[in-house]
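Now for the letters of each chain:
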Amino acid sequence: MRELAYTNDACFAIDERSETPKFLQIANRILSQIEDGIYQPGDRLPSINETSEEFLMARATVEKAYKKLFQSGHVKSTYRKGFFITEQKKVKRVLLIFGKITENTLAIYNSLSSQLDKTYKIDICLHEYRKEYLLERLEKQAGDYHHFVVVSSHLNEANDMKDGFSKIPNERLIFIDSEQTDALSACSSINYSNYANFKNVLFKNAEVFQKYRTLYFVTTDNEYIPAEWYTEFLLFAKLNNLDARIIDSPDEVEVTDGVAFMVFDNAHLVSIVKDLKRKDLTIGENVGLVSFGDSIYKELIAGGISVIKTDTEAVSNSLRSIITKNQKQSVNIPMLLIKRNSL
């Protein structure tokens, strides 16, 4: 049995601004040190009182952290002797870094969670497009995870963030929907919503849209839309002799026979469907409608809403392959048009 002493204050450093409770920060740090081999099976953790006094934390906070580790099976308690690291398979931790939860990111998380076995633990970090916050998380948790999966299409000044990403070994970084810059070229990547994929799905299904005279691309502040998509949309319409406009809301135009809408925002989707019903226009005949991203309710609304979607199952399969094989891969996932009653 080894008696472990603290070597530096980083052992139980607490981020006072973090939304993660202090006891979980302590537990997660110990888990990381178990994974890194700093703590070995049979090692004795410093006592609750020792940890509390050494780092000026409430005894109840430390006790709750140790209880969490006991419940998860990472430590065992021996009467009057303390807490000891148990013999177990090492858990590999994966951090998914999203700007926000969307239908796509939630589907990727759920699919990946179902594909990885119990030797993997998946956490989510939502940075809400705040680069400074993301860089701070990378700084503090660079050693806490085996893999960092970064959805970075909204952070495409990747070279600007090079210093932050450089703290993580290339083999642990996986970028989703990122521009291939020098800062990322050595890392694994998965791309699905780049302008080339959007262009391909439009031209591949041109005949679906040619029955309408006007196409409206309805933007939103709730989703990241690459600027190149607007260019490809207008080019597609021009080459297919269609009128095209980019608008901020369906309220800007009159919903009439012979037009079609591409919408991101679900509120816009519902608004158009309601307007069609009021005007006694038939969806898929008089007016076309396609939404970005799929969900169960879109299969039901108005007999089925057509969607342009990411093959999230394929994204998750690629993620699982990169994570479990620990090999660099660069993967492109084509976008799909699921045609339903609304087109």
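What this report covers is the structure whose coordinates are included nearby. (Residues numbered from 1 in each chain as written. Predicted model: local features only at pLDDT ≥ 70, side-chain atom pairs only at ≥ 80, totals over all residues. Heavy atoms only, no water.)

### Some points on the overall build of the protein chain
Within the protein chain one finds twelve helices and 14 strands. For the protein chain, the residues scored as buried account for 50% of the 343 residues in total. Contacts in the protein chain between residues at least 24 apart in sequence constitute 69% of all its contacts with a sequence separation of at least 6. (Helix = DSSP H or I, 4+ residues; strand = E, 2+ residues; numbered from the N terminus. Buried < 20%, exposed > 50% of the residue type's maximum accessible area, 1.4 Å probe, protein only. Contact = heavy atoms within 4.5 Å.)

### Notes on the pairing of strand β7 (residues 188–191)
Judged by which residues are buried, β7 turns out to be covered on both faces: S188 and I190 on one side and S189 and N191 on the other are all buried. As defined by bridge partners, strand β6 (residues 173–176) adjoins β7 across three bridges and the pair is classed as parallel. Each residue of the ladder has a partner; that of I174, found in β7, is S188. Taken together, the three bridges between β7 and strand β13 (residues 330–332) define a ladder with parallel strand orientation. Within β13, the residue paired with N191 across the bridge is N332. (Pairing = 2+ DSSP bridges.)

### Thoughts on the environment of Y120
As for its placement among the helices and strands, Y120 is situated in strand β4 (residues 120–126). Its relative accessible area of 14% is what places Y120 among the buried residues. Residues Y120 and H146 lie 26 residues apart in sequence; the distance between their C-alpha atoms is 9.5 Å.

### Description of the pairing of strand β2 (residues 82–85)
Sheet faces and side chains relate simply in a regular strand, where the side chains alternate between the two faces. As paired elements, strand β1 (residues 75–78) and β2 share four bridges and run antiparallel to each other. Its bridge partner being in β2, T78 is matched across the sheet by G82. Here β1 hands over to β2 after three residues, with R80 in that stretch at a positive phi of 65°.

### Notes on the layout of surface pockets
Roughly 560 Å³ of volume is contained in the second largest pocket. For the second largest pocket, the lining is made up of 31 residues, of which T102, N104, E223, Y224 and F264 are closest to its centre. Among the elements of the structure, α4 (103–115) and β12 (306–310) are those that each provide at least two residues to the lining of the second largest pocket. When grouped by side-chain class, the residues that make up the lining of the second largest pocket number twelve nonpolar, twelve polar and seven charged. (1 Å grid on protein atoms, 1.4 Å probe; cavity = no way out; pocket = protein on both sides within 12 Å on 5 of 7 lines; lining within 4 Å. Points joined across faces, edges and corners; volume = space filled by probe spheres on them. Nonpolar A, V, L, I, M, F, W, Y, C, P; charged D, E, K, R; others polar.)

### A closer look at the pattern of salt bridges
Evaluated as defined, the whole model comprises nine salt bridges. In this structure, R59 and E63 form a salt bridge, with 3.4 Å as the shortest nitrogen-oxygen distance. A residue pair is termed a helical-turn pair when its members lie 3 or 4 positions apart in one helix, as R59 and E63 do in helix α3 (residues 59–71) at four residues. Among the residues examined, R59 registers a relative accessible area of 42% and is labelled partly exposed. Relative accessible area serves as the criterion here: at 40%, E63 is assigned to the partly exposed category. (Salt bridge = Lys/Arg side-chain N within 4 Å of Asp/Glu carboxyl O.)

### Focus: the packing of helix α1 (residues 22–35) against α3
Following both chains from N to C, one finds α1 and α3 inclined at 50°, their axes separated by 8 Å at the closest point. By the angle class used here, α1 and α3 are oblique. Judged by the twist between their axes, the crossing of α1 over α3 is right-handed. Of the residues in α3, those touching α1 at K22, F23, L24, I26, A27, I30 and L31 are T61, V62, K64, A65, Y66, K68 and L69. Of the residues contributing to the contact of α1 with α3, the split by class is ten nonpolar, one polar and three charged. (Axes fitted to C-alpha atoms, helices over the stretch in contact; angles between N-to-C directions. Parallel < 35°, antiparallel > 145°, perpendicular 65-115°, else oblique. Left-handed = near helix turned anticlockwise from the far one by under 90°.)

### Observations regarding the environment of S77
Secondary-structure assignment places S77 in strand β1. Residue S77 is classed as partly exposed on the basis of its relative accessible area of 44%. Counting along the chain gives ten residues from S77 to K67, while the straight-line C-alpha distance between them is 9.4 Å. The contacts of S77, once residues within four sequence positions are left out, are F70, G82 and F83.

### Considering the side chain of N197
Examined against the element boundaries, N197 turns out to sit in helix α7 (residues 195–204). Contact partners of N197, with chain neighbours within four places excluded, come to N191, Y192, N332, I333, P334 and M335.

### What to know about a nonpolar patch on the surface
Side chains of I101, L106, I124 and L126 sit close together on the surface and give an oily, nonpolar patch of about 300 Å² of accessible area. With respect to the secondary-structure elements, L106 resides in helix α4. (Patch = residues over 30% accessible without salt bridge, like charges linked within 9 Å, V, L, I, M, F, W, Y side chains within 5 Å. Areas by Shrake-Rupley, 256 points an atom, 1.4 Å probe, with all protein chains shown as cover.)

### A look at the sheet that holds strand β9 (residues 243–247)
Spatially, the six strands line up as an open sheet ordered β9-β8-β10-β11-β12-β14, and their pairing is mixed. Strands at the two margins of the open sheet, each flanked by one partner only, are β9 and β14 (335–338). In this sheet, neighbouring strand axes are inclined to one another by 20° on average, regardless of whether the strands run parallel or antiparallel. Pairing of strand β10 (residues 259–263) with strand β11 (residues 287–292), which is carried by five bridges, proceeds in the parallel orientation. Bridging across to β11, V259 finds its partner in V287.

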